[in-house]
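Spelled out from the first residue to the last, the chains are:
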Amino acid sequence: MDILERFEFRNIEQTETEQAAAIEQICFPPNEACSEKSMAERIVKAKDLFLVAVDKETGKIAGFLNGIATDESRFRDEFFTDVSLHNPEGRNIMLLGLDVLPQYRRQGLGRELVYQYLQREREKCRQEVFLTCLDSKVEMYKKFGFADRGIANSSWGGEEWHEMSCILR
């Protein structure tokens, strides 16, 4: 079955906050996962930057991608915890998490979430999308069109991260 037939891609709904927070806890280790409080704040303040893939068969979220908009062009840890840094008119996006439940991995869902997210933000005339990732994910994000900018100025979760970006123009 085609990925677009199997999943509905849309903005998150307020009623899905608990589901998103639970998925985050499954997809990331405790030192890296977004807290339920921060997740709820993101959904309230930056709902239009929260793309979910809902399994049409179950009606449940299979994965999501979320971020905040800003005029800044370097990733910093505060983006993860301070939703007040979100500027809806910002020219850049800081991606805060790509979450795909284990049973949906290696089927192209992550790639499709990133593709659709970048398309949406390109249509909004955003300039660049940034993210941080562990060394083991650099090649995956390169396949999605991101360039590795080297070691990030981030120590989120006590890890060493790569900063990556994708120019949208």
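Use the structure listed above.
I will try to describe carefully the structure that is included in this document. (Residues numbered from 1 in each chain as written. Predicted model: local features only at pLDDT ≥ 70, side-chain atom pairs only at ≥ 80, totals over all residues. Heavy atoms only, no water.)

1. Quick word on the pairing of strand E3 (residues 61-70)
Here E3 lies mainly inside the structure; 10 of its 10 residues are buried. Note that strand E2 (residues 50-55) and E3 share five bridges and pair antiparallel. Bridge pairing links Val52 to Phe64 in E3. The turn linking E2 back onto E3 is made up of five residues, and Gly59 within it adopts a positive phi angle of 75 degrees. Relative to strand E4 (residues 92-100), E3 runs antiparallel, the two being bridged by eight bridges. (Buried < 20%, exposed > 50% of the residue type's maximum accessible area, 1.4 Å probe, protein only. Helix = DSSP H or I, 4+ residues; strand = E, 2+ residues; numbered from the N terminus. Pairing = 2+ DSSP bridges.)

2. Things to note about the pairing of strand E7 (residues 162-167)
Buried residues dominate E7, accounting for five of its six residues. Both strand E5 (residues 128-133) and E7 contribute to a ladder of six bridges, which runs antiparallel. In the sheet register, Phe130 faces E7, and the bridge partner there is Ser165. Alignment of strand E6 (residues 147-151) against E7, held across three bridges, turns out to be antiparallel. Looking at the pairing, Ala147 lines up with Ser165 of E7.

3. Digging into a positive patch on the surface
Together, Arg105, Arg106, Arg111, Lys137 and Lys143 make up a positively charged patch on the protein surface. Turning to its location among the elements, Arg111 is positioned in helix H5 (residues 109-123). (Patch = residues over 30% accessible without salt bridge, like charges linked within 9 Å, V, L, I, M, F, W, Y side chains within 5 Å. Areas by Shrake-Rupley, 256 points an atom, 1.4 Å probe, with all protein chains shown as cover. Salt bridge = Lys/Arg side-chain N within 4 Å of Asp/Glu carboxyl O. Lys, Arg positive; Asp, Glu negative; His and termini not counted. Charge placed at Lys NZ, Arg CZ, Asp CG, Glu CD.)

4. Topic: the side chain of Thr132
Relative to the helices and strands, Thr132 is located in strand E5. If we ignore the near neighbours within four places in the chain, the residues touching Thr132 are Phe75, Phe80, Ala152, Trp161, His162 and Glu163. (Contact = heavy atoms within 4.5 Å.)

5. Thoughts on the environment of Glu112
One can find Glu112 in helix H5. Placed 96 residues apart in sequence, Glu112 and Glu16 show a C-alpha to C-alpha distance of 20 Å. Residues contacting Glu112, with those up to four places away along its chain left out, are Ile3, Leu4 and Phe9.

6. Description of the sheet that holds E5
Two strands in a sheet stick together by hydrogen bonds in their backbones, pointing the same way (parallel) or opposite ways (antiparallel). Read from one edge to the other, the open sheet built from seven strands follows the order E1-E2-E3-E4-E5-E7-E6, with strand pairing classed as mixed. With one partner strand each, in any of the chains shown, strand E1 (7-11) and E6 form the two edges of the open sheet. Across the sheet, the mean angle separating the axes of adjacent strands is 25 degrees when strand polarity is ignored. Of the strands in this sheet, E2, E3 and E4 are in contact with helix H3 (residues 36-45), which crosses E2 at around 105 degrees. Along the sheet, H5 makes contact with E1, E2, E3, E4, E5 and E7, crossing E4 at roughly 160 degrees. (Axes fitted to C-alpha atoms, helices over the stretch in contact; angles between N-to-C directions.)

7. Some points on the packing of aromatic side chains
All told, the structure shown has eight aromatic pairs when counted by the stated rule. Ring plane angle 25 degrees and centroid distance 4.6 Å describe the contact between Phe80 and Trp156, whose orientation is recorded as stacked. In this pair, Phe80 is assigned in helix H4 (residues 78-81) and Trp156 in the loop between E6 and E7, connecting sequence segments 76 residues apart. No difference in accessibility class separates Phe80 from Trp156, as the two residues are buried. Of the aromatic side chains, those joined through ring pairs into one cluster are Phe75, Phe79, Phe80 and Trp156. Here Arg76 stacks its cationic end above the ring of Phe79, 5.2 Å away from the centre of that ring. (Phe/Tyr/Trp six-rings, centres within 6.5 Å; stacked < 30°, edge-to-face > 60°. Lys NZ or Arg CZ within 6 Å of the ring centre and 35° of its normal.)

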